[in-house]
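# A structural walkthrough
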Amino acid sequence: MITVKEIIQLFMAACGSMGFAIIFRIRKDSLFPAAIGGLGAWFFYLLVSKARGDYMAASLAGAIFCSLWSEFWARRKKQPATVFLIASVIPLIPGNALYQTMNSLVSGQFHDAWRWGLVTILTMVFIAIGTSLVSALFILKDRVRE
Amino acid sequence: MDNLSGKDMRLVPDYASGERFLELLLDLGEMMLQSGAEIGRVEDTLSRLARAYGAIPDVYVIVFSIVVTLRFTGNDTGKNTSAGSISITQTRRVDDRDSIDFMRLDQLNDLSRRCCRQPVALDKLSGELARIHKGKGNVRYLLLGSMMGAFSFSVFFGGSVLDGLAAALFSVLIVFIQNSLGRYSVNRILYTMIVSAIVGIGIGILCRAAPVFNRPMVMIGDIMLLNPGVTMINAVREMMVGNTISGEIRLIESTTWALALAAGFMLAIHLTA
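As the structure is a prediction and not an experimental result, all values here were calculated from the model. Here the residue numbering is sequential within each chain, running from 1 through the sequence in written order. Written order determines the labels here, with chains lettered from A and ligands numbered from 1. Side-chain atom pairs in this predicted model are given and counted only at pLDDT of 80 or more, local residue features only at pLDDT of at least 70, and totals for whole chains, interfaces and linings cover all residues.

## Quick look at the overall build of chain B
The helix count covers DSSP runs of H or I at least four residues long, the strand count covers runs of E at least two residues long, and both are numbered beginning at the N terminus. Scanning chain B from N- to C-terminus turns up 10 helices and three strands. Seen in sequence order, chain B has helices and strands lined up from the N terminus as α-α-β-β-β-α-α-α-α-α-α-α-α. Atoms considered for the radius of gyration are the C-alpha atoms alone. The globule rule reads 2.2 Å times the number of residues to the power 0.38. In terms of overall size, chain B is more extended than a compact globule, its C-alpha atoms giving a radius of gyration of 23 Å where 273 residues would be expected to give roughly 19 Å. Seen through its principal axes, chain B has C-alpha atoms that stretch 80 × 35 × 30 Å. Think of it as a crowd count around each C-beta: if 20 or more other C-beta atoms lie within 10 Å the residue is buried, if 12 or fewer it is exposed, and in between it is partly exposed, with C-beta placed from the backbone throughout. Here chain B holds 273 residues, and the buried ones make up 42% of them. By the convention adopted here, residues are in contact when the distance between their C-beta atoms, placed from the backbone, does not exceed 7 Å. Restricting to contacts in chain B with at least 6 residues of sequence separation, those with at least 24 account for 67%.

Dropping the structure here:
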């Protein structure tokens, strides 16, 4: 079941993505799709993370969703896919893990630091894999069609 | 003679207008790179535009450099080559900005698409580029976006509304620093470290003075604004589509920035904990 905390998270993911979309000066008619992309990214993250209890697979799922979402809207709004991708992928970025790594390092808990550091790096790796994979597939598709 | 426009673009231009066109082309590429365009897109746009103006382009772009050679050979069929063919090369060192600006990219794309369909005179092209270059972002929008981002992610990671508001407050400080110190920064690593330390110390002091604030949550909100995660993801995508060197340069850069950010915040946590 979905908890209140998760509903707040989903809402905040959308607001956060919207904030970044504004920072990156995305066109006004594209702000909303970008925000919903952030919400969707976190939704799929939660879904997979609950089913499998695995943050790596969850990040991958979120990232794949973001890419598909951005390719879809890129075609509809006739804009580059990065416009939507960059804003919607933001909630997946491991800000918390990065903070925990630093905090553990400062307080001398090196075991925790190592663990959180690994979470930070692996999350980034899986986001990168997820997004690149989908865009590579789309590029391939375009080449085959030509 | 400015024959690089309109219908008679099949003619070979003189060197002066060829060089001028190439310079404008590099201006366009530079602006695209500085607004966060992908390497492939920049190469593609420059090539298309050059072809529209009757040149055979040879374009190479990496993160901080553009090299373009244009060959004008006159008519495709080999007729009308009395002026002989000319070949010009220019390079451009592109300063690193790493500020993503999709509005500007949109305008540049639009301009190049229009010029590909119907090449405009060089003076007009130059004017349009200058206009796009001058169009600056509205600081109020930047503030709004930053505050929204900081607040949302502070709450997102489990902070209270109060934590979110504190994070939003410090995001104003970040925007202020970016608009003052950021303009004069020579070294992105040092700059990131200093910004992180200033913001981190500020948050640390606030949270010690007023224990209602939860330090991790306030900090995370602002870390989300400062961390180069987006650059990292773009770097890996760049590698995947075949621009390995550009991707690796960006990846190494952004990793270094992330370490600098960590160093700044760790210093702040150490000083204020």
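Don't stop here, the text continues.
## Describing the pairing of strand 1 (residues 56-62) of chain B
Residue and element names in this part refer to chain B. Note that strand 1 and strand 2 (residues 65-72) share seven bridges and pair antiparallel. Residue pairing in the sheet places Asp-58 in a bridge with Thr-69 of strand 2. If DSSP finds at least two bridges between two strands, the strands pair. Count of turn residues in the strand 1/strand 2 antiparallel hairpin: two residues.

## Re the nonpolar core
A set of buried Ala, Val, Leu, Ile, Met, Phe, Trp, Tyr and Cys residues, joined through C-beta atoms within 7 Å, is what we mean by a nonpolar core. Core analysis: the biggest nonpolar cluster contains 118 residues, and Ala21(A), Phe24(A), Ala41(A), Ala87(A), Val89(A) and Leu25(B) have the highest contact counts within it. Here this core gets 10 residues from one element, more than from any other, and that element is helix 1 (residues 4-23) of chain A. Residues within four places of Leu25(B) in sequence aside, it is in contact with Leu46(B), Leu49(B), Ala50(B) and Val68(B).

## Focus on the environment of Asp112(A)
Residue and element names in this part refer to chain A. Assignment of secondary structure puts Asp-112 in helix 6 (residues 110-145). Classification of Asp-112 as partly exposed rests on a count of 15 C-beta atoms within 10 Å. Each C-alpha atom, one on Asp-112 and one on Met-102, is 9.9 Å from the other, the two residues being 10 residues apart in sequence.

## Things to note about the domain arrangement of chain B
All names here are of chain B. Per the domain assignment, the segments making up chain B are domain 1 (6-134) and domain 2 (139-272). Spacing between the C-alpha centres of domain 1 and domain 2 amounts to 36 Å. Taken together, the contact pairs seven residues of domain 1 with nine residues of domain 2. Domain boundaries shown here were taken from an automatic or database domain assignment.

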